[in-house]
Structures are given as structure tokens and as C-alpha cells.
Amino acid sequence: MATVVIKPRRAKPFYFRHPWVFSGAIQRIEGDFAEGDLVDVADADGKFIGRGFINSRSQIVVRLLTWDRDEPVDRGFFERRVAAARALREDVLGLAGPDDACRLIFSESDGLPGLIVDRYGAWLVIQVASVGMSLRLEMVLDVLEQALHPAGIYRRTIEGAAEREGLPVVNAVARGQEPPDAIRVKIDGLDFLANVKHGQKTGLYLDQRANRRVVARLASGRSVFDGFTYTGGFAMAAVRGGAKSVVAVDSSPQAIEAGRRNAELNGLASIEFVQADVIETLRGHARSGRRFDLVILDPPKLARSSAHVRRASARYRELNAAALRGLGEGGLLVTFSCSQHVHEDAFESFVNEAACEAGRVVQTLERLGQAPDHPVIASCPETRYLKGLVCRSL
Ligand code: SAH
């Protein structure tokens, strides 16, 4: 097994279990290796730190899997990690009903860097984002089948991540039956049809589950604008929470169509779905004098890398300013950023700048994050990607 030797004074994060070894921290690599092999990582004095998968073509050269020299990374290792991930979802979070949808394995956060597995009822959807994981895919699929007995496992590829790792883009059945175009699942009492083969992400935004409850709690008696609704999750939660009226906007015709179908499935016909651009719609309402009591903004990832944060910041300001202009006095803004590279403090300052631009003052009432089946691991702050703020506009 090759050994990746870390530069002097650069080993501390890895002793504290940060799982990503970037090329800049590496002094040299001793021994031969092939991409995706297991390698040991050692400090400049040759002391063992951990073991992980290597990919010298990726910015993240090693993804660490274990800090225990005596722990082999074999089938038993994967079985133990899958069992621990499952115990969190089933025993702690209570996400084990037959129609439940949840994220079962969240990569680094579950000790399996480069592997994401979502459960949609009887089906699993798997995403592989590292060469090491993709070389062990058949074994991983065996472990998942044995532990969870799914009707089928479908593989999706996160495109940007696949290119960066040099992985092929695969969207196909990996095991068992092909999932239907619409899998019916229940999330917090609401029915959703998930298209795991063609939908965004793996079909649904499972990471917003807890935040939809926040919206349901705040929506009572309010007129609500759900910007970037996708399949209608926040809009439906708002109606369930007693909203006076709900407008749900998305630019994608497929999203609007799916949102309408979900609303129908739940008997929530009052939602007004609009296929349009969020900013233009907000500005149109502001011009016509229509005001909302609660605006939700959940835009797609606006900063793909740290190089894009500046451009994204202008977009966050513009969006949030338009939302604040659409709120009446004392109105609530629930605003999100799912860009890992936009940190919470920065996001808060973009919202404040938006408020200044709109001539408002905002009070932050709550800070939100991703649902707990997408846990954040303390050793890797980068696993926290979804940030949200509940603000009151004065
Ligand atoms: N809130 C959703 C997830 C939103 S994902 C949920 O809880 O499930 C982001 C959505 O924004 C996508 O559906 C995408 O189609 C939509 N979108 C992207 N740019 C847009 C724009 N300019 N105006 C309206 N919708 C947009």
C-alpha cells in the first residue's frame, strides 16, 4: 500500500479527522498506486494518521475512511458503516415507514466519502462520487441489498462532481427492478410523487423536510409566496399550516406540473402554481401593489465553487431585495442558500445588504439548516451546505 506523506505542520486537520487531503498538503507519495486504491496517510515523521481512497487527478487527493490502523476497509467495514447510518435514520429519526423517503447515507457525514444513498419507499437511489467508491460499487450494492432488501437500486450521477473525479455519467438501474416514473412517498404526512430517474437531485429535496415544518408553523393566516417551489413542498406545508393563500413559482414546466400533481394528491387545490421567473414575478407583484405576509426563497445552488461566491452574492442580494419589497410591514422571509461555499455569516450579510437596498430592516428570528438525515460532521464543516434564515422585515 502506498503512503501519502503530509508536509510538516500541515497534518493537524487530519489528526482532527478532517477527511479531505488536498494536493497542497502533500509532500510526497511513497510507493506505487492506481487511482481508487487504498493508501495510508502519514505525517512528515512517518507516523500513521489514517487510510483512505486516492485519486491523484482530483483536487481532493485522498478521502480518508478510517483513522484506525487495524481496521481493514473490507466488506465488514461497509456493513458496519451502513448499519450505523441506518440506525440513525430508523432508531433516532424514526424514518422507517414503508413509504418513507430519506437520505440513508450522506457521504463523509456517515463515514463513507463519495457515497450517497437515498431511500424512496422500496427503492434506493445511489450516487457515487469518488473513484475508490466506484471501483467497489458491486460490493457496496451487495451490502445494501443484503441489509435493506430494496425492490431495486437506481444509480444517478451528480454531473459536476463526476467530471471533477473523472467518473462516467451513469443513470441506470444498478440492481433489481427499474423504479416507476413516479414513486409515491410520504413526508411528514404529505404525499409526494418522486421521479428518481429524471427529477432534480435524486427526485426530491429531502434536505428541506425539517424546514417545511417551520414554514407550516409560521404560515397560519398568512398570504404565502413560495419562490422556487420545485415539487411544491413548502407550498403544501404552508396550506397544511393554515395559510390564507399560497402562490408557488418555478421556472421549470416539469416542476410546476409535478407540484400540481402533488397538491392534487393531497387535496390541496388552493395553491396557485405559476411557471415563471421568481424575481420577475416578485417585481410584477410589487408593481401591482400585491403584498405577501410570508415569502420563501429556495434558489438552486448559485455558487458552484469559492470562485463563484462574488457573482452569487449579487444574485442573493437581488433576490432577497425583491422578496423584501414584496412583503408587508412585519412580513416574514424564509430564505435559503444551498451553496456549500457561501458560509452562514456571509449569507446573513447578503440578506442584510438586500434589506438596505430595499429600505428595510430585518430581524433574524431563526437559523435553519439541512434535515438531520443529512447530518453535519463536526470534523468536516464543509458537510454543512444548506443554510436558512427566518427573518422579519420592518
Ligand atoms: N423548494 C424546493 C426546492 C427548490 S430547487 C423544495 O422544497 O423541494 C430550485 C428550483 O428552482 C428548481 O426547481 C428550479 O427549476 C427552480 N429555478 C431555478 N431558477 C429559477 C428562476 N429564475 N425562477 C424560478 N425558478 C427557478
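Below is a short write-up of the structure. Just so it is clear, the model here is predicted, and its values are computed rather than measured. (Residues numbered from 1 in each chain as written. Predicted model: local features only at pLDDT ≥ 70, side-chain atom pairs only at ≥ 80, totals over all residues. Heavy atoms only, no water.)

1. Some remarks on the pairing of strand E15 (residues 245-250)
- Of all the six residues making up E15, five are buried; the element is thus mostly covered by neighbouring parts of the structure.
- Summarising the sheet, strand E14 (residues 223-227) and E15 pair through five bridges and their orientation is parallel. Bridge assignment links Val224 to a residue of E15, and that residue is Val246.
- Taking the sense of rotation as the criterion, the β-α-β connection linking E14, helix H7 (residues 233-240) and E15 turns out right-handed.
- Here E15 pairs with strand E16 (residues 272-275) via four bridges, running parallel. (Buried < 20%, exposed > 50% of the residue type's maximum accessible area, 1.4 Å probe, protein only. Helix = DSSP H or I, 4+ residues; strand = E, 2+ residues; numbered from the N terminus. Pairing = 2+ DSSP bridges. Right-handed = clockwise from strand over helix to strand, strands pointing away.)

2. Topic: the site of the ligand
- Neighbouring residues of the ligand: 16 residues in total, closest Arg212, Phe228, Asp250, Asp277 and Asp298.
- Separating an oxygen atom of the ligand from a side-chain N or O atom of Asp250 is a distance of 2.6 Å.
- A distance of 3.0 Å separates a nitrogen atom of the ligand from a polar backbone atom of Ser251.
- Protein burial of the ligand: of its 580 Å² of free accessible surface, 90% is covered by the chains.
- Grouping the constituent residues of the shell around the ligand by class yields seven nonpolar, four polar and five charged. (Near = heavy atom within 4 Å. Polar contact = N/O pair within 3.5 Å; in protein donor to acceptor, adjacent residues only side chain to side chain. Areas by Shrake-Rupley, 256 points an atom, 1.4 Å probe, with all protein chains shown as cover. Nonpolar A, V, L, I, M, F, W, Y, C, P; charged D, E, K, R; others polar.)

3. Some points on the sheet that holds E16
- Overall, mixed pairing links the seven strands, which are arranged E16-E15-E14-E17-E18-E20-E19 in an open sheet. The open sheet terminates on both sides in strands that have one partner only, identified here as E16 and strand E19 (362-368). When strand polarity is set aside, the average angle formed by the axes of neighbouring strands in this sheet is 15°.
- Note: strand E17 (residues 292-297) against strand E18 (residues 327-337), five bridges, orientation parallel. Bridging from a neighbouring strand, Leu294 pairs with Leu332 of E18.
- Along the sheet, H7 contacts E14, E15, E17 and E18; its crossing angle with E15, the most-contacted strand, is approximately 175°.
- Docked against the sheet, helix H8 (residues 253-265) engages E15 and E16, running at close to 170° with respect to E16. (Axes fitted to C-alpha atoms, helices over the stretch in contact; angles between N-to-C directions. Contact = heavy atoms within 4.5 Å.)

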